[in-house]
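Listed below are the residues making up each chain.
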Amino acid sequence: MKIKTGIFSGSFNPVHIGHTALVNYICEYEGMDEVWFVVSPQNPLKQNRELLDNRKRLELVEAATQGYSRFKASDFEFYLPKPSYTYRTLEALKESFPDREFSLIIGADNWNIFPRWKNAGTILAENPILVYPRPGYPVDEASLPPTVRLLNTPMLEISATFIRESLEQGKDIRYFLHPEVYRLIKEEKLFSHLSSKRR
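Residues numbered from 1 in each chain as written. Predicted model: local features only at pLDDT ≥ 70, side-chain atom pairs only at ≥ 80, totals over all residues. Heavy atoms only, no water.

### Digging into the overall build of the chain
Here's step 1: Within the chain, the secondary structure is distributed over 8 helices and 6 strands.
Here's step 2: When the helices and strands of the chain are listed from N to C terminus, the series reads β-α-β-α-β-α-β-α-α-β-β-α-α-α.
Here's step 3: Taking 16 Å as the expected radius of gyration for a compact globule of 199 residues, we find that the chain reaches 17 Å, a close match to that expectation.
Here's step 4: Dimensions of the chain, computed from the C-alpha atoms along their principal axes, are close to 50 × 35 × 30 Å.
Here's step 5: Contacts in the chain between residues far apart in sequence, at least 24 positions, make up 68% of those at least 6 positions apart.
Here's step 6: Just so you have it, the chain exposes about 10,600 Å², and 49% of that area is on carbon and sulfur atoms. (Helix = DSSP H or I, 4+ residues; strand = E, 2+ residues; numbered from the N terminus. Rg over C-alpha atoms; globule rule 2.2 N^0.38 Å. Contact = heavy atoms within 4.5 Å. Areas by Shrake-Rupley, 256 points an atom, 1.4 Å probe, with all protein chains shown as cover.)

### Remarks on the packing of aromatic side chains
Here's step 1: Inspection of the entire model under this criterion finds 15 aromatic pairs.
Here's step 2: Between the aromatic rings of F8 and Y132, the centroid separation amounts to 6.2 Å while the plane-to-plane angle is 75 degrees, which identifies the pairing as edge-to-face. Pair noted here: F8 is in strand β1 (residues 3-10) and Y132 is in strand β5 (residues 129-132), with a separation of 124 residues, a long-range link. Both residues of the pair, F8 and Y132, belong to the buried class. (Phe/Tyr/Trp six-rings, centres within 6.5 Å; stacked < 30°, edge-to-face > 60°. Buried < 20%, exposed > 50% of the residue type's maximum accessible area, 1.4 Å probe, protein only.)

### With respect to a nonpolar patch on the surface
Here's step 1: A grouping of F162, Y175 and F176 is seen on the molecular surface, where their side chains present a nonpolar patch of about 340 Å² in accessible area.
Here's step 2: Position of F162 among the secondary structure elements: in helix α6 (residues 160-168).
Here's step 3: By relative accessible area, F162 is classed as partly exposed at 35%. (Patch = residues over 30% accessible without salt bridge, like charges linked within 9 Å, V, L, I, M, F, W, Y side chains within 5 Å. Salt bridge = Lys/Arg side-chain N within 4 Å of Asp/Glu carboxyl O.)

### Things to note about helix α1 (residues 17-29)
Here's step 1: Between the first and last C-alpha of α1 there are 17 Å, a value that for 13 residues agrees with the 18 Å anticipated at 1.5 Å per step.
Here's step 2: Turning to α1, the residues buried within the fold contact β1, β2 (34-39), α2 (54-65), β3 (71-74), β4 (100-107) and β5.
Here's step 3: Positive backbone phi, at 85 degrees, marks G31, one or two positions downstream of α1. (Expected span 1.5 Å × (residues − 1).)

### Looking at the sheet that holds β3
Here's step 1: The sheet built from 6 strands is open, its strands ordered β3-β2-β1-β4-β5-β6 with parallel pairing. The sheet is open, and its two edges are formed by β3 and β6 (148-150), each paired on a single side. When strand polarity is set aside, the average angle formed by the axes of neighbouring strands in this sheet is 30 degrees.
Here's step 2: Pairing analysis gives 5 bridges linking β1 to β4, with the strands arranged parallel. Following the sheet pairing, K4 is matched in β4 by E101.
Here's step 3: Lying over the sheet, helix α3 (residues 86-96) contacts β1, β2 and β4, oriented at roughly 160 degrees with respect to β4. (Pairing = 2+ DSSP bridges. Axes fitted to C-alpha atoms, helices over the stretch in contact; angles between N-to-C directions.)

Here it is as structure tokens:
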């Protein structure tokens, strides 16, 4: 039997408890054996001006996922052609890890723009997709294709943008981050470059 593996891709700039709590729930309640946090070096639909270095974001994800055997931090996309298109990632994953059954995990916000994704039809036809709810992005469950399932996950509205802005303002937001992630950010003064850019 193949290992049921969720693929949760993102910039993780930085990874926060909204990410980890969501994926923890998916592992424990939604039938995934494990979930890989795939750190994306370049999202074709986003600007990258505020991105930390790829390896630093991976280091933060490794810190946030330590100690829970069903989480894995992955740099798989670092070695794929740029930009990082999801269809390429999924094809390469299935080729590299034939012992796993991969499911793509995306938010309802991304599901609403899914037709804009490169080769969206191929992704939809060839891969299970798990959609987690987001406030303000309704999903008509009755109209979902057979390969798509709407999850009943808790809605934790914490964004990486909120984290970065709070750090820039000098807020103590340690409980929004894994303790080791918070320590690394404070000790290494990560995201401090944003303040100088906005002056």
